[in-house]
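Summary of the model geometry
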Amino acid sequence: MALSAADLPAMYSLLTNSMSGDESVRKPAEVALAQSEARPGFCSCLMEIISSKDLASQVDVRLMASVYFKNSINRYWRNRRDSSGISNEEKVHLRQKLLSHLREENYQIALMLAVLISKIARIDYPKQWPELFSVLAQQLQSADVLSSHRIFLTLFRTLKELSTKKLIADQRTFAEISSHFFDYSWHLWQSDVQTILHGFSTLAQRFNSNPLEQHHEELFLTCERWLLCLKIIRQLVIFGFPGDAYSVQEVRPVKEVSPVLLNAIQSFLPYCSTLQKGHPKFWDFVKRACTKLMKVLVAIQERHPFSFSDKSVLPLVMVFCLNKITDPEPDVLSFEEFLIQCMVMVKSVLECKEYKRSVIGRAMDEKAINTVEQMKKNISNAVSGVLTSLLPSDRIILLCNVLIRRYFVLTPNDLEECYQNPESFHHEQDMVQWTEKLRPCAEALYIVLFQNHSELLGPVVVSILQEAMNGSPTSVTEITPELLLKDAAYGAAAYVYYELSNYLSFKDWFNGALSHDLSNDHPNMRIIHRKVAIILGQWVSEIKDDTKRSVYCALVRLLQDKDLSVRLAACRSLCLHIEDANFSQRDFTDLLPICWDSCFKLVEGVQEFDSKVQVLNLISILIGHVNQVIPFANKLVPFFQKVWEESSGESLLQIQLLIALKNFVIALGYQSTSCYNMLLPILRKGIDVNSPDEINLLEDSMLLWEATLSHAPSMVPQLLAFFPCLVEIMERSFDHLQVGVNIMEDYIILGGMEFLSMHASSVAKILDLIVGNVNDRGLLSTFPIINLLIQCFPMEVPPLINSTLQKLVVICLSGGDDYDPSKSAVKASSAAILARVLVTNTNYFAQLSAESSLLGLLQNSGVSIEENVLLALVDIWLDKVDNVSSVQKKTYGLALSVILKLRLPRILDKLDQILSVCTSVILGCNDEVSEEESSADNMSSRSHNEGNIPSKEFRRRQIKFSDPINQLSLEASVRENLQTCAALYGEPFNSAINSMHPAALSQLKQALKMS
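Positions within a chain are numbered from 1, following the residues in the order the chain's sequence is written. Where totals are concerned, whole chains, interfaces and linings use all residues; where local detail is concerned, this predicted model gives features only for residues with pLDDT of at least 70, and gives and counts side-chain atom pairs only at 80 or more. As a convention, hydrogens and water are excluded, and side-chain values are obtained from all of the structure's heavy atoms.

As for the overall build of the protein
Per the secondary structure count, the protein includes 55 helices and zero strands. For the C-alpha atoms alone, the extent of the protein along its principal axes is close to 125 × 85 × 80 Å. Burial classes follow relative accessibility: with a 1.4 Å probe on protein chains only, a residue under 20% of its type's maximum area counts as buried, one over 50% as exposed, and anything between as partly exposed. Considering the protein as a whole, with its 1011 residues, one finds that 53% of them fall into the buried category. What makes two residues a contact is simply this: any of their non-hydrogen atoms within 4.5 Å. Long-range contacts, defined here as pairs at least 24 residues apart, represent 77% of the contacts in the protein between residues at least 6 apart. Here the Shrake-Rupley method, with its probe set to 1.4 Å, supplies the accessible areas, and only the displayed protein chains count as covering residues. Working note: accessible area of the protein is about 45,600 Å², and carbon and sulfur atoms make up 50% of it. The average position of the 94 basic charges and that of the 113 acidic charges among the side chains of the protein differ by 3 Å. Under the DSSP-based scheme used, a helix requires at least four consecutive residues in state H or I and a strand at least two consecutive residues in state E, with every element numbered from the N terminus. We score Asp and Glu as negative and Lys and Arg as positive, and we do not count His or the chain ends. Each charge is placed at NZ for Lys, CZ for Arg, CG for Asp and CD for Glu.

Quick word on unusual backbone geometry
Note the cis peptide between Tyr-125 and Pro-126, where omega equals 5°. Summarising the element assignment, Pro-126 is placed in the loop between helix H6 (107-124) and helix H7 (132-141).

A closer look at the packing of helix H30 (residues 564-579) against helix H33 (residues 609-625)
If you want to describe how two helices pack, look at the angle between their axes and the distance between the axes. At a closest axis distance of 9 Å, the pairing of H30 and H33 adopts a crossing angle of 30°. By the angle between their directions, the pair H30 and H33 is classed as roughly parallel. As for how H30 packs across H33, the hand of that crossing is left-handed. Contacts between H30 and H33 involve Leu-568, Cys-571, Arg-572, Leu-574, Cys-575, Ile-578 and Glu-579 on the former and, on the latter, Ser-611, Gln-614, Val-615, Asn-617, Leu-618, Ile-621, Leu-622 and His-625. As a working rule, the residues Ala, Val, Leu, Ile, Met, Phe, Trp, Tyr, Cys and Pro are called nonpolar, Asp, Glu, Lys and Arg charged, and the rest polar, with Gly in that last group. Classifying every residue of the contact of H30 with H33 gives nine nonpolar, four polar and two charged. Each axis is a line fitted through C-alpha atoms, and for a helix only the stretch in contact is used; angles between axes span 0 to 180 degrees, taken between their N-to-C directions. In these notes the angle categories are as follows: under 35 degrees is roughly parallel, over 145 is roughly antiparallel, 65 to 115 is roughly perpendicular, and the rest is oblique. By convention the crossing between two helices is left-handed if the near helix lies anticlockwise of the far one by an angle smaller than a right angle, and right-handed if it lies clockwise.

Describing the pattern of salt bridges
For this document, the term salt bridge refers to a Lys or Arg side-chain nitrogen within 4 Å of an Asp or Glu carboxyl oxygen. For the coordinates displayed, the defined rule picks out 39 salt bridges. A salt bridge links Arg-225 to Asp-192; the shortest N-O distance between them is 2.7 Å. Placement of the pair is Arg-225 in helix H10 (residues 213-239) and Asp-192 in helix H9 (residues 168-205), with a sequence separation of 33 residues. Just as Arg-225 is buried, Asp-192 falls in that class too. The residue Asp-909 makes a salt bridge to Arg-906 at a minimum N-O spacing of 3.1 Å. Like Arg-906, Asp-909 is exposed. Each of the salt bridges in this network shares a partner with another, and the network as a whole consists of Lys-119, Arg-122 and Glu-161.

So, the packing of aromatic side chains
Both the distance between ring centres and the angle between the ring planes are used here to describe each pair of aromatic rings. Ring pairs shown here join Phe, Tyr and Trp side chains whose ring centres sit within 6.5 Å, with only the six-membered ring taken for Trp; geometry is labelled stacked below 30 degrees between planes, edge-to-face above 60, and tilted in between. Applying the stated criterion across every chain yields a total of 35 aromatic pairs. Taken together, the ring pairs in this structure connect Phe-182, Trp-186, Trp-189, Phe-200, Phe-220, Trp-226, Phe-268, Tyr-271, Phe-282 and Phe-285 into an aromatic cluster. Working rule: Lys NZ or Arg CZ, within 6 Å of ring centre, within 35 degrees of ring normal, means a charge sits over the ring. Over the ring of Tyr-419 we find Arg-526, and its NZ or CZ is 4.1 Å from the ring centre.

Regarding helix H54 (residues 987-994)
Among all positions of H54, only Phe-989, Ala-992 and Ile-993 are buried. When H54 is viewed along its axis, its buried side chains cluster within an angular range of 100° and face the same direction. Residues of H54 that are exposed and point over 90 degrees away from its buried face: Glu-987 and Asn-994. Within this analysis, the arc is defined by the directions that extend from the helix axis to the C-beta atoms.

With respect to the side chain of Asp-563
Positionally, Asp-563 belongs in the loop between helix H29 (545-558) and H30. Looking at Asp-563, the relative accessible area reads 5%, which means it is buried. Polar contacts involving the side chain of Asp-563 include one to the main-chain amide nitrogen of Val-566, which spans 3.2 Å. With residues up to four places along the chain from it excluded, the contact list for Asp-563 reads Cys-418, Pro-422 and Arg-526. Pairs of N or O atoms are called polar contacts if they sit within 3.5 Å, as long as, within protein, a hydrogen donor faces a hydrogen acceptor (for residues adjacent in sequence, only side-chain-to-side-chain pairs).

Brief notes about helix H4 (residues 59-76)
The length a helix should cover is 1.5 Å for every residue beyond the first. For H4, which comprises 18 residues, the first-to-last C-alpha distance of 25 Å matches the rise-based estimate of 26 Å (1.5 Å per residue) to within 8%. Listed in full, the buried residues belonging to H4 are Val-61, Arg-62, Ala-65, Ser-66, Tyr-68, Phe-69, Ser-72, Ile-73 and Tyr-76. Buried residues along H4 cover an arc of 165° about the axis, so they all sit on one side. Tucked inside the fold, the buried residues of H4 contact helix H1 (8-17), helix H2 (23-36), helix H3 (42-51), helix H5 (88-99) and H6.

A few points about the nonpolar core
Formed by 355 residues in total, the largest nonpolar core has its most connected members in Phe-200, Phe-268, Trp-509 and Phe-640. In this structure, Phe-200 is in contact with Leu-219, Cys-223, Phe-268, Tyr-271, Leu-275, Phe-282, Phe-285 and Val-286, ignoring residues within four places of it in sequence. Note on terminology: a nonpolar core comprises buried Ala, Val, Leu, Ile, Met, Phe, Trp, Tyr and Cys residues joined through side-chain atoms within 4.5 Å.

Let's talk about the environment of Val-346
Within the secondary structure, Val-346 is located in helix H18 (residues 336-350). Given the relative accessible area of 0%, Val-346 is considered buried. C-alpha of Val-346 to C-alpha of Val-317: the two residues are 29 residues apart in sequence and 9.0 Å apart in space. In this view, Val-346 contacts Met-318, Cys-321, Leu-322, Ile-325 and Leu-445; residues no more than four positions away in its chain are not counted.

What about the environment of Leu-574?
Inspection of the secondary structure puts Leu-574 in helix H30. Along the primary structure Leu-574 and Lys-27 are separated by 547 residues, whereas in three dimensions their C-alpha atoms are 53 Å apart.

Looking at the state of the cysteines
Two cysteine sulfur atoms make up a disulfide if the distance between them is within 2.5 Å. Applying the stated rule across the entire model yields zero disulfides. With no disulfide of its own, Cys-418 has Cys-571 as its nearest cysteine by sulfur position, at a separation of 17 Å. Given the relative accessible area of 1%, Cys-418 is considered buried. Counting only cysteine sulfurs, Cys-342 is the nearest neighbor of Cys-441, a cysteine outside any disulfide, at a range of 9.6 Å.

Here we look at the side chain of Ser-348
As for its position among the elements, Ser-348 is in helix H18. Residue classification places Ser-348 among the buried residues on the basis of a relative accessible area of 10%.

Topic: the packing of H3 against H4
H4 packs onto H3 with a crossing angle of 150° between their chain directions and a minimal axis gap of 9 Å. Compared by their axis directions, H3 and H4 come out roughly antiparallel. By crossing handedness, the relation of H3 to H4 is classed as left-handed. Counted together, Phe-42, Cys-43, Leu-46, Met-47, Ile-49 and Ile-50 of H3 and Val-61, Arg-62, Ala-65, Ser-66, Tyr-68, Phe-69 and Ser-72 of H4 form the full contact between these two elements. The class makeup of the residues in the contact of H3 with H4 is ten nonpolar, two polar and one charged.

Comments concerning the confidence of the model for the protein
One number per residue, pLDDT, summarises how confident the predictor is, and it ranges from 0 to 100. Mean pLDDT over the protein: 88, with 94% of residues reaching 70 or higher. Note that residues 360-369 has pLDDT below 50 and, in this model, six contacts with residues that lie over four places away or in other chains. In this model, residues 929-947 is a region of pLDDT below 50 whose contacts with residues beyond four sequence positions or in other chains number eleven contacts.

Remarks on the environment of Pro-280
With respect to the helices and strands, the residue Pro-280 is situated in helix H14 (residues 280-303). With relative accessibility at 49%, the residue Pro-280 sits in the partly exposed group. Here the alpha-carbon distance between Pro-280 and Glu-104, two residues 176 residues apart in the chain, equals 26 Å.

Following this line, the structure appears as structure tokens:
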């Protein structure tokens, strides 16, 4: 039943109650609203509440109504098969109502209305709502400042929504919008700039007077509208034109807009100082405006690098940014957000691949001179020349010096944070996004600058480093400018280790200054100790064998430092060393006890989540890379137990713990049972699909499950009881199919008949779920498990997986694999499994091929069988014999041999082909006999060296060599079944044999050793 105006009071009450703090009031209201969502008229009622003038003061209720409106758009605006959705008539009414209520005074409501319009526009524009932008443009013509602000707010949200649509038709539509709206938006933006600057000039002159508050509000609203207009211009320039890096087509607005944006920045910046004290609201706007303007310039450069490289744009912007970085005014120096964007711009230009000079190119004839690639090369070479003139050697050296000496140096606030909260200090310095903080941004710019000019800057950085070390001797105990410069220089040397290694000997540096720095234990040396720890990690690839031991000792000592930031830096660097391809375990082994204890103490000492993850990562890496883990197992087990108990709700920490546990189990090998009391409860929780953390923990829990089974000496009841979890996991999705298949293999090899008898139905269910519901790659990863099951239990398994085997028959007899290698491989592997069943359980296979359910399945799949299913399979075995492995070939041969003794019509018609295949397989197998015997001897000799616990690989080999297919002789089988066939068919058999080509008959006799 549709909702109407009469339901408005009830709807208002429900929305009010849905915000109640009393659950007994809130819950029924939420249920009633949820039930009303799909009813016709629901959104119309909400719109009436949002736009009602009588409810203007009830902002919270109107906001809640707008939230429900937005959710209804997401759920019901599109016509779906499972719901009636919102009628076209109601949609027309809602679109008109929204556009008629743009002059909303409350900003939060106005923002939600803009979002609602943008959500609808994403779905309806341009087909169902073609007049949207023309109506907005018309309203702009007669709008006051508030109305125009709200219209631009709506335009911005709508354009932002539409710009995310990636289909070519949608991008073409957006380009049309840009062509219509750009000129108007751009002219209004320019006009507003002048209005704002005039207003600021007036404010600065009347600093001591009492200006009208109303004038302030109108000016501020103009400022906000101007910012929205700037965002719209950004959307139009960025998304309204194809990126010129691909098209090499000049984007006209780039040259028109960029210089004016730069001028606006230069005009606004002086007001940073004049408006700070008397007009904080406008001072905040100026900062936001300058930062946003520079962000827009960065975005334009990244999207349209060639158009941005014009002589009227790139040189002006680069000079401006470089000047602000190297010689900023006092107000700009404290304006970090703006300086960050200046650095981002310079960095973006320096690493822009479109601006790199083309050194190597192919020879091109004169006709190709105007091709796109040549145009790109011409522009790139020209821009490279411009950048060279903008950045001569002296300016590059100056920029490098400024970055290190000014921006790398720790501030008083940094030092206070380092002393008061070293843990937070470490993470802010080590893990913060480089565009968020000034120092990491300066470091990122420095790295790009150094990489581009390493030959020029290598000696410069070494000179700064030497100056800093001479200016701050290792015996210093006070925080001096010289010590802070030393810290900055150490950082500069750490970040460009690869390029700087050509100018600086790490061995001499470490044995000299760095070791002496570490010998000074004064608390004020913590910042230097932290940097030394970082250097030792960054320079890992340059540390030679004769220095490794000393470096390991230094890092382990730093891991015991009193300061947490130093210990965490050492922790990270140790990870880099242990994971290094040239890690020397021999030099590290005796440090393990101290390293383990230091890690345990560090975990207890830290408070932040990131710190615990970092330490746990080191422990995991240690376990995975060193051999001597077993002696420390008695300490690691309670440690893991404690961390798991304390990590409840911290899924990222638990993931790191699961990884560590997997490495721990692998390191313990067949002694892993010693940790089962701790391990198995954790594993059980991780593989529970009903656990709240299932989505985060399942993948790593399954890898741990696989490792636990692979390294289990025998099956234990707890592990056996876990198997049904695999059914639940596979029922959810096949995201972890390969790991699931590996786990099944482990259960079969380890559990044997005990496993099968307990979980036969679960095994059948999993295989039935997989076959027919996964792609070819998934099938090929699953077939070895089906093969293994039949190999181990030839009499028990086939009837158990009857449904799966029927699906394999359908796969074999279906077409469509002629030009698809993966489908051909699936068909060949399926046929090999069915051949194995025929050879090892002939009676069952005869029943399977005659089942009415199989014939019905074939019919439903569009497979027509002219004769017997077995005869159809014979054709597949004959066809695919050259596409399978040697073992599968022998299985094919044995199956074809078995066919000879079965009473099948027309089998003699295929006798020539069957015997030809069997002959080639026998002669081919004889070449591999010696290799298999050698392998068997190998296995026998290894069995005495394995002790009492055979490895998984040894068990797998045992299964392989006890395989009935390996035990049977194809030669004897063919000889015996030929005799049976001759007895069955008599003279027709003799006629078929005599019709064979003499050479083929001769080969057959040779293969069967018949005279």
